[in-house]
Amino acid sequence: MERGGLVTGASGGVGLALCQRLLEEDGRIHLCIACRNEQKSEATRDLILAAHPAAQVSTVEVDLGNLASILRAARELRCRFQRLDFVYLNAGIMPNPHVNFKALWHGLLTGKLLHMLTTAEGIMTQTDRLNGDGLQEVFATNLFGHFILVRQLQSLLCGNEKPSRLIWTSSSNARESAFSLSDYQHAKGQESYSSSKYATDLTSVVLNRKFNGQGLYSSVVCPGLVMSNMTYRILPVFLWTLLMPLMWLIRFFAKTYTLTPYNGAEAHVWLFKQKPEYLDSLVKYHSCTSGLGRCYVESQKMDVDEDTAEKFYQKLLELEEQTLEKYHDLLD
């Protein structure tokens, strides 16, 4: 049987490039692309098929920030697939990003500018809000929606003859200092994106502890700094136009400046080709690009505490129970 896989956030950026690169690796896979609305899904499917006309590509509509949408999509996927060999949990948002130019100037004076430019530490903030389910929007879309999706697809992911894979798109901006167990949705802070990505790292670690014995393995990747719709919202377009020559220059000193979605998907594709049982569950895999444009992957130990990961997992289970009570008609 051909391998079956799902990619969330597939309509553009790293998600779209990933879909195209996966089919270059194995044109026999049944690739299901997940987007927030039907029009985007169909447009993305047509674009992929234009380059890979013989590919088997299907679509599913899912808004990761809407629990009802997730449950409906999961039900549809359970009807369509007998198993899923890989799920790329790639969709994400960064609403209302703000750049702290004062912090940038301070970084220049203190010699920390390159570190700040490669991790966004201390220079990026966001304004979050509650979604229709009463959850913080960034937490819900970037982490919790994916968590619920995985839980609902567990029957397709566990107990198969061959291992199944979860591959989460994390970030070098995932920092412990932005995350708190007492405020894991990050309702009180201004670094919701960083918090959600650190929560992603924690979740991946604990999922391996819970499910490796059932043949499900989880990994996290960082695509590096990719110029995408999310990135272009940080600064006005004319500023990015002025900065692009500098960005290409910085790449000689900052390997994580992958810049293009194709380069940003390097670690995702590399993991697709690995045997998951031989990978380190405490490592994050980074897409890197040399100054001359050579793509490669680097592994880096994650700054995560396994006890914190376990406590956070229990909080996710409690939140799942609370939030899904009103959706019993969508649950099997």
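Residues numbered from 1 in each chain as written. Predicted model: local features only at pLDDT ≥ 70, side-chain atom pairs only at ≥ 80, totals over all residues. Heavy atoms only, no water.

An unreviewed UniProt entry lists the protein chain under the name 3-keto-steroid reductase/17-beta-hydroxysteroid dehydrogenase 7, from Certhia brachydactyla. Looking at the Subcellular location (unreviewed entry) heading of the UniProt record, one finds this comment for the protein chain: "Endoplasmic reticulum membrane". (UniProt positions renumbered as here; feature names shortened; annotations may be inferred.)

**Q** Hey, could you go over the overall build of the protein chain for me, with residue numbers and the actual values?
**A** When you go through the protein chain residue by residue, the secondary structure sums to 13 helices and 10 strands. Relative to the 2.2 N^0.38 estimate, which gives 20 Å for 332 residues, the radius of gyration of the protein chain is 19 Å and therefore close to what a compact globule would have. Seen through its C-alpha atoms, the protein chain measures out along the principal axes to roughly 60 × 45 × 40 Å. Here the protein chain holds 332 residues, and the buried ones make up 56% of them. Residue pairs at least 24 apart in sequence account for 74% of intrachain contacts in the protein chain once pairs closer than 6 positions are excluded. Counting every atom, the protein chain has about 15,200 Å² of accessible surface; 51% of that belongs to carbon and sulfur. Each charge sign in the protein chain was given a centre, from 33 positive and 35 negative side chains, and these centres are 4 Å apart. (Helix = DSSP H or I, 4+ residues; strand = E, 2+ residues; numbered from the N terminus. Rg over C-alpha atoms; globule rule 2.2 N^0.38 Å. Buried < 20%, exposed > 50% of the residue type's maximum accessible area, 1.4 Å probe, protein only. Contact = heavy atoms within 4.5 Å. Areas by Shrake-Rupley, 256 points an atom, 1.4 Å probe, with all protein chains shown as cover. Lys, Arg positive; Asp, Glu negative; His and termini not counted. Charge placed at Lys NZ, Arg CZ, Asp CG, Glu CD.)

**Q** I'd like a description of a nonpolar patch on the surface, backed by residues and values.
**A** A surface patch of nonpolar side chains, about 620 Å² in accessible area, is lined by Leu246, Leu249, Phe252, Phe253 and Leu292. By the secondary structure assignment, Phe252 is in the loop between α10 (237–250) and α11 (261–264). When its relative accessible area of 52% is taken as the criterion, Phe252 is described as exposed. (Patch = residues over 30% accessible without salt bridge, like charges linked within 9 Å, V, L, I, M, F, W, Y side chains within 5 Å. Salt bridge = Lys/Arg side-chain N within 4 Å of Asp/Glu carboxyl O.)

**Q** Now, about the UniProt feature "transmembrane region" (unreviewed entry) in the protein chain: what can you tell me, with residues and values included?
**A** Mapped onto the present numbering, the UniProt feature "transmembrane region" (unreviewed entry) falls at residues 230–250. Along residues 230–250 the backbone is 81% helical and 0% strand, and the end-to-end C-alpha distance reaches 20 Å.

**Q** Lay out the sheet that holds strand β10 (residues 295–301) in plain terms, naming residues and giving numbers.
**A** Backbone-to-backbone hydrogen bonds join strands into a sheet, with any given pair of strands oriented parallel or antiparallel. Spatially, eight strands are ordered β3-β2-β1-β4-β7-β8-β9-β10 in an open sheet, and the strand pairing comes out mixed. Of all the strands in the sheet, the pair left with one neighbour each is β3 (56–61) and β10. Averaged over all adjacent pairs, the angle separating strand axes in this sheet is 20°, with direction ignored. Bridging between strand β2 (residues 30–35) and β3 involves six bridges; their strand directions are parallel. Bridging across to β3, Ala34 finds its partner in Val60. Packing against the sheet, helix α8 (residues 192–211) makes contact with β7 (164–169), β8 (216–222) and β9 (283–289), and its axis sits at approximately 160° to β8. (Pairing = 2+ DSSP bridges. Axes fitted to C-alpha atoms, helices over the stretch in contact; angles between N-to-C directions.)

**Q** Before we move on, can you summarise the nonpolar core with the specific residues and values?
**A** Leu6, Phe144, Leu153, Leu166 and Phe312 are the most contacted members of the largest nonpolar core, which has 55 residues in total. Ranked by the residues each element gives to this core, the list is headed by helix α6 (residues 137–152), at eight residues. Apart from residues no more than four positions distant in its own chain, Phe312 is found in contact with Phe139, Leu143, Phe179, Leu181, Tyr184, Ala199, Leu202 and Thr203. In terms of nonpolar packing, the next biggest core, distinct from the first, is built from 29 residues, Ala10, Cys19, Ile33 and Val57 among them. (Core = buried A, V, L, I, M, F, W, Y, C linked by side-chain atoms within 4.5 Å.)

**Q** Could you give an account of the pairing of β10, with specific residues and numbers?
**A** Relative to β10, β9 is paired through seven bridges, and the arrangement is antiparallel. Along β10, the bridge assignment pairs Ser287 with Val297. Linking β9 to β10, which pair antiparallel, is a turn of five residues; within it Gly293 sits at a positive phi near 95°.

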